[in-house]
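Structure at a glance
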Amino acid sequence: MSTLEIKVPDIGDFKDVPIIEVFVKPGDAVKAEDPLISLESDKATMDVPSPAAGTVKDLKVKVGDRVSQGKVILVLDAAAAADGNGATAPSGAPAGGNGASAAAAAAPAPPPVTKAAEPAPSEQAAPPREAPAAPAAAPAPAPAPAPAQIESEAFKKAHASPSVRKFARELGVDLSRVPGSGPKGRILQADVQGFVKQAMSAPAGGASMRGAVLDLAPWPKVDFAKFGPVEVKPLPRIKKISGANLARNWVMIPHVTQFDEADITDLEALRVEINKENEQAGIKVTLLAFVMKGCVAALKKFPDFNASLDGDNLVLKKYFHLGFAADTPNGLVVPVVRDCDKKGVLQIAQETAALAAKAREGKLTPAEMQGGSMSISSLGGIGGTAFTPIINAPEVAVLGVSRSARKPVWDGTQFVPRLMVPLSLSYDHRVIDGATAARFTAYLGALLADMRRAML
Ligand code: CAO
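Now for a look at the structure at hand. (Residues numbered from 1 in each chain as written. Predicted model: local features only at pLDDT ≥ 70, side-chain atom pairs only at ≥ 80, totals over all residues. Heavy atoms only, no water.)

Quick notes on the overall build of the protein chain
This is how it is decided: In DSSP terms, a helix is any run of H or I states spanning at least four residues, a strand is any run of E spanning at least two, and both are numbered starting from the N terminus. Categorising residues by exposure relies on relative accessible area from a 1.4 Å probe, with only protein chains included: less than 20% of the type maximum marks a residue as buried, more than 50% marks it as exposed, and the intermediate range marks it as partly exposed. Throughout, a residue-residue contact means that at least one pair of heavy atoms, one from each residue, lies within 4.5 Å. Surface accessibility follows the Shrake-Rupley procedure with a 1.4 Å probe radius. Residue values consider only the protein chains on display as shielding.
When you go through the protein chain residue by residue, the secondary structure sums to 10 helices and 21 strands. Expressed as a percentage of the 456 residues in the protein chain, the buried residues total 47%. Long-range pairs, those at least 24 residues apart, make up 68% of the contacts in the protein chain between residues at least 6 apart in sequence. Just so you have it, the protein chain exposes about 22000 Å², and 56% of that area is on carbon and sulfur atoms.

Structural notes on the pairing of strand 20 (residues 405-410)
In regular strands, side chains alternate between the two faces of the sheet. Let me state the cut-off plainly: Each pair of strands is called paired provided DSSP finds at least two bridges between the two strands.
Pairing of strand 20 with strand 21 (residues 415-428) involves six bridges; the strand directions are antiparallel. In the strand pairing of strand 21, Arg-406 is matched with Leu-419. Counting the residues between successive antiparallel strands, the hairpin from strand 20 to strand 21 contains four residues, one of them, Gly-412, with a positive phi of roughly 110°.

Some remarks on unusual backbone geometry
Among all residues except glycine, the phi angle is most often negative; among peptide bonds, the trans geometry is most common. Cis geometry is adopted by the peptide bond preceding Pro-394, which originates at Ala-393 and carries an omega value of 10°. Its location among the elements puts Pro-394 in the loop between strand 18 (374-378) and strand 19 (397-401). Phi is positive for Glu-33, close to 80°, though the residue is something other than glycine. Positionally, Glu-33 belongs in the loop between strand 3 (29-30) and strand 4 (35-40). Accessibility expressed as a relative area gives 53% for Glu-33, which makes it exposed. Although it is not a glycine, Asp-339 adopts a positive phi angle of roughly 50°. By the element assignment, Asp-339 lies in the loop between strand 17 (336-337) and helix 9 (345-360).

Topic: the packing of aromatic side chains
Spelled out, the test is: Two aromatic rings from Phe, Tyr or Trp, using only the six-membered ring of Trp, form a pair when their centres are within 6.5 Å; if the ring planes differ by under 30 degrees the pair is stacked, by over 60 it is edge-to-face, and anything between is tilted. Whether a charge lies above a ring is judged from NZ of Lys or CZ of Arg, which has to be within 6 Å of the ring centre and within 35 degrees of the ring normal.
Counted according to the given criterion, the structure contains five aromatic pairs. Residues Trp-410 and Phe-415 carry aromatic rings whose centres are separated by 4.9 Å and whose planes lie at 65° to one another, so their mutual orientation is edge-to-face. A residue is classified by how much of its surface remains accessible, and Phe-415, at 56% relative accessible area, is exposed. Through successive ring pairs, a cluster of aromatic residues spans Phe-302, Phe-305, Phe-440 and Tyr-443. The ring of Phe-320 has Lys-300 sitting right over it, with the charged end atom 5.4 Å from the ring centre.

Focus: helix 7 (residues 265-277)
Filter applied, for reference: Given a helix with a known number of residues, its expected span is that number minus one, times 1.5 Å.
For helix 7, built from 13 residues, the straight-helix expectation of 18 Å at 1.5 Å per residue is met to within 8% by its first-to-last C-alpha distance of 19 Å. Turning to helix 7, its buried residues number three or more, namely Thr-265, Leu-267, Arg-271, Ile-274 and Asn-275. Residues of helix 7 that are buried sit in contact with strand 11 (255-263), helix 8 (287-301), helix 9, strand 20, strand 21 and helix 10 (434-449).

Describing the pattern of salt bridges
To keep it simple, the criterion reads: Put simply, a salt bridge is a Lys or Arg side-chain nitrogen that is within 4 Å of an Asp or Glu carboxyl oxygen.
This model, assessed by the stated rule, comprises 12 salt bridges. A salt bridge links Asp-266 to Arg-418, with the nearest nitrogen and oxygen atoms 3.9 Å apart. On the criterion of sequence distance, the pair formed by Asp-266 in helix 7 and Arg-418 in strand 21 is long-range, its members being 152 residues apart. The class of Asp-266 is partly exposed, set by a relative accessible area of 47%.

Some thoughts on a nonpolar patch on the surface
Spelled out, the test is: Patches were defined on residues exceeding 30% relative accessible area and lacking a salt bridge, with like-charge contacts within 9 Å and nonpolar side-chain contacts (Val, Leu, Ile, Met, Phe, Trp, Tyr) within 5 Å.
Together, Leu-214, Leu-216, Trp-250 and Val-251 line one region of the surface with nonpolar side chains, adding up to about 390 Å² of accessible area. Structurally, the position occupied by Val-251 is in helix 6 (residues 237-252). The exposure class of Val-251 is partly exposed, given its relative accessible area of 35%.

Things to note about the environment of Glu-361
Relative to the elements of secondary structure, Glu-361 occurs in the loop between helix 9 and strand 18. In the structure, Glu-361 is positioned 32 residues away from Pro-329 in sequence and 8.7 Å away in space, judged by C-alpha atoms.

What about helix 9?
As a reminder of what qualifies: Throughout, the arc means that of the directions going from the helix axis to the C-beta atoms.
Between its first and last C-alpha, helix 9 extends 22 Å over 16 residues, near the 22 Å set by a 1.5 Å rise per residue. Within helix 9 the residues assigned to the buried category are Val-345, Ile-348, Ala-349, Thr-352, Leu-355, Ala-356 and Ala-359. Projection of helix 9 onto a plane perpendicular to its axis shows the buried side chains occupying an angular sector of 135°, all on one side. Packing partners of the buried residues in helix 9 comprise helix 8, strand 14 (322-324), strand 15 (326-328), strand 16 (331-333) and strand 17.

See below:
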């Protein structure tokens, strides 16, 4: 018989994350990968799965506890379940014979699985210590209505427990305006607290935003059914979270978008050649990997783009981690490719493809969506000539890439057909001025036209 102490695995930068659900109790038999507990950060819910099969011997946590990496969740009697269910303990688990009273071996649970991934460039939530708390700019911090006023139909319909309703009532918070981050969009006490905190505190983006209050007209209330048949479909959880972050970023960051075009005629020929050479190895390089490499060089030349605002300070990052928006069935997420300065185009392409596949399966870990220098949103595989991506706070720039097209370009004596890719660079005007942004895209364009320049 062997016992295992199952601990909270690496959950990225998160600390003291509340447990919102405990799926097991002492005596329960679990299989490897069965969820044990659900953790809730301000942007994602993570299930912590069991690393092994067994029987829960001793539960060390309860709903509401705040946990960090290494905290023991439970003690698992691995052998008991192996006997009963035919399941086996994980390799590395102590051999039988320890007995129930023996000290349990430690086993970190596998990486948590996020249920709601981060929003996209625009949308991605930042780790708690990098950005203001969740609901952010969603609703304007308008004066709290009196309790009688907030007992609206919307308040009554809000998905929240009686205690959370009571809590909201006491604080005069209209629950219909609080994005729920619990299972199935349930509003948790922490959501209400985050909402109030946001409403009470000045935005943390910098001095220029201090004291800003939006006095917006109420959202129009329309009975659409009066005009024809309708179907009401709840917003998926990820959209609720990303919506709040998008709204915050849109409202708090003074965005300007610089448009440009890059001549990728020669680069495309190289890309096709590289793909032929690597066909056997199953490696496919798309333009995105070259753009990421180009961005690294541009970030080195214009370090203010590789930065984040922290109050009145600019935090300049010395690393080159690039986020990219990935379209998934559950919504947009932004995995981050680390250390792009130390990797070649082939490796970046492989990592991008692997992260995108993981994103589509909903298996990205929180750590895989944190710490970006800037983000890239490529819609080139789909279409379009330009767009205005929203910055992924606390980053200060996001590059949009649209579909390349052959265009007549004047070479000084005649028009020649060249393959041009549109670039749309949104930047935080508090940090970057227009001239620098134009230089950034011009430089990036020159690099994409001739990648040898990246070596200069
Ligand atoms: N111009 C023309 N063709 C392009 C292109 C461009 N700029 N970029 C990619 N393509 C082509 C690729 O070469 C590929 O062609 P083949 O199938 O013929 O080889 C095809 O489009 C599909 O590419 P892809 O989308 O699979 O791969 P990618 O590396 O370009 O992008 C990923 C990967 C994950 C970024 C992408 O799949 C995705 O999810 N994009 C959506 C991002 C998004 O929704 N952003 C909006 C965020 S709002 O701010």
